[in-house]
Amino acid sequence: MSTFFLVQLFVSFFVGGALITILSLIAENTNQRISGIILMFPTTLVLGFLFLGLTTTAENVSIVIPATLIPLGIIVFSTVIYIYSSIFFEEHVKSKISQILCSLLTSAIVWFLLASPFAIYKFSNLLIGIFGFFIIITVTHFILRDKKYKLSLARPVYSKTQIIVRALFTGSVIATVVFLGRTLNPFWGGIFTMFPAATFATLTILHFYYDPRQLFHFMKSAPLGSISLFIYAISIMLLFPKIGIWAGTLVSYSISLIFGLLLIGHKVRQHRTQ
């Protein structure tokens, strides 16, 4: 195991776990108009493209971007599968931990069935990728607008220990996926590289503390927020070959972050005028 790979695991565990924990805590204390936008800020996507660029070349990262666009949309759609699975298993499984595991397994299987063809056939058409991404997030948007589930949201108060355990769990999930992506054969490695570790880790944590139907509250604006992921990926594709990996990462993340903040500002203003 190389030193660089160990650094990658270390960064994925600590930085990924910390960032996603912070974003999820912020999202819990905001309204449903912007919580999903916050949860969709690029985190593991940044680390994934950065490490891919450092281990190959900036040009190689640019080339693979078109193949990631539809899988990005499938990541957002997987939130729908998880939420409806969690509601189903709540009615059929007694233990909360078992409900979470069953929901996670179901959504992971569906994600695999939908995403694996893109690894098998090495799909890389940019225009179809863009079109497919927006079709998927549009469908997901209308599904998550489900009006049947409206519950009062009682937010728990977390101790420092709970927050640390939360970060350790999230970091462990991300680091495990990174490890599998690097050590398995090329096919499975490609599959696990696209695995929505951050999304599933966030959903399982929220599911542990909240009623499954309350996940609609947190993820309602996720399809809209996922556009920041799309913008980050496209920016990487255009900028990596021109300005390099580090500068490309910084500028691309700044563009994505600015878009996300403008989107939040728009939703807040929209809420105040209603």
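Everything discussed here concerns the structure shown above.
Residues numbered from 1 in each chain as written. Predicted model: local features only at pLDDT ≥ 70, side-chain atom pairs only at ≥ 80, totals over all residues. Heavy atoms only, no water.

Chemist: Would you mind showing me how to read the environment of Gln 8 here?
Modeler: With respect to the helices, strands and loops of the structure, Gln 8 is situated in helix α1 (residues 3-28). Judged by relative accessible area, Gln 8 falls into the buried class, the value being 8%. Sequence spacing of Gln 8 and Phe 179 is 171 residues, and the spatial spacing of their C-alpha atoms is 9.0 Å. Filtering out sequence-adjacent residues up to four positions away, Gln 8 remains in contact with Phe 51, Val 178 and Arg 182. (Helix = DSSP H or I, 4+ residues; strand = E, 2+ residues; numbered from the N terminus. Buried < 20%, exposed > 50% of the residue type's maximum accessible area, 1.4 Å probe, protein only. Contact = heavy atoms within 4.5 Å.)

Chemist: In this structure, what is going on with helix α6 (residues 126-144)? I would like to understand it.
Modeler: For the α-helix, the turn length of 3.6 residues means that residues three or four positions removed from each other point alike. Counted at 1.5 Å a residue, the expected span for α6 with its 19 residues is 27 Å, and the 27 Å between its end C-alpha atoms agrees. Within the sequence span of α6, burial applies to Gly 129, Gly 132, Phe 133, Ile 136, Ile 137, Thr 140 and Leu 144. Buried residues of α6, seen end-on, are gathered within an arc of 125° and therefore sit on one face of the element. The outward face of α6, more than 90 degrees from its buried face, is lined by the exposed residues Leu 127, Phe 131 and Phe 142. Contacts made by the buried residues of α6 are with α4 (58-92), α10 (215-219), α11 (222-225) and α12 (227-243). For α6, the capping residue at the N-terminal end is Asn 125, with a side-chain oxygen 3.2 Å from the backbone nitrogen of Leu 127. (Expected span 1.5 Å × (residues − 1). Arc of directions from axis to C-beta. Polar contact = N/O pair within 3.5 Å; in protein donor to acceptor, adjacent residues only side chain to side chain.)

Chemist: Where do I start with the pattern of salt bridges in this structure?
Modeler: It is possible for side chains of opposite charge to pair when their charged atoms get near one another. Going through the model one piece at a time under the given rule, you end up with 4 salt bridges. Taking the shortest distance from any N to any O, the salt bridge between Arg 166 and Glu 28 comes out at 2.4 Å. Of this pair, Arg 166 sits in helix α7 (residues 160-183) while Glu 28 sits in helix α1; the two residues are 138 residues apart in sequence, bridging distant segments of the chain. Glu 28 carries the same exposure label as Arg 166, and that label is buried. Here Arg 213 ties to Glu 90 by a salt bridge, and the two come within 2.4 Å at their closest N and O atoms. Of this pair, Arg 213 sits in the loop between α9 (197-209) and α10 while Glu 90 sits in helix α4, placing them 123 residues apart in sequence. Exposure remark for Glu 90: the relative accessible area of 27% places this residue in the partly exposed category. (Salt bridge = Lys/Arg side-chain N within 4 Å of Asp/Glu carboxyl O.)

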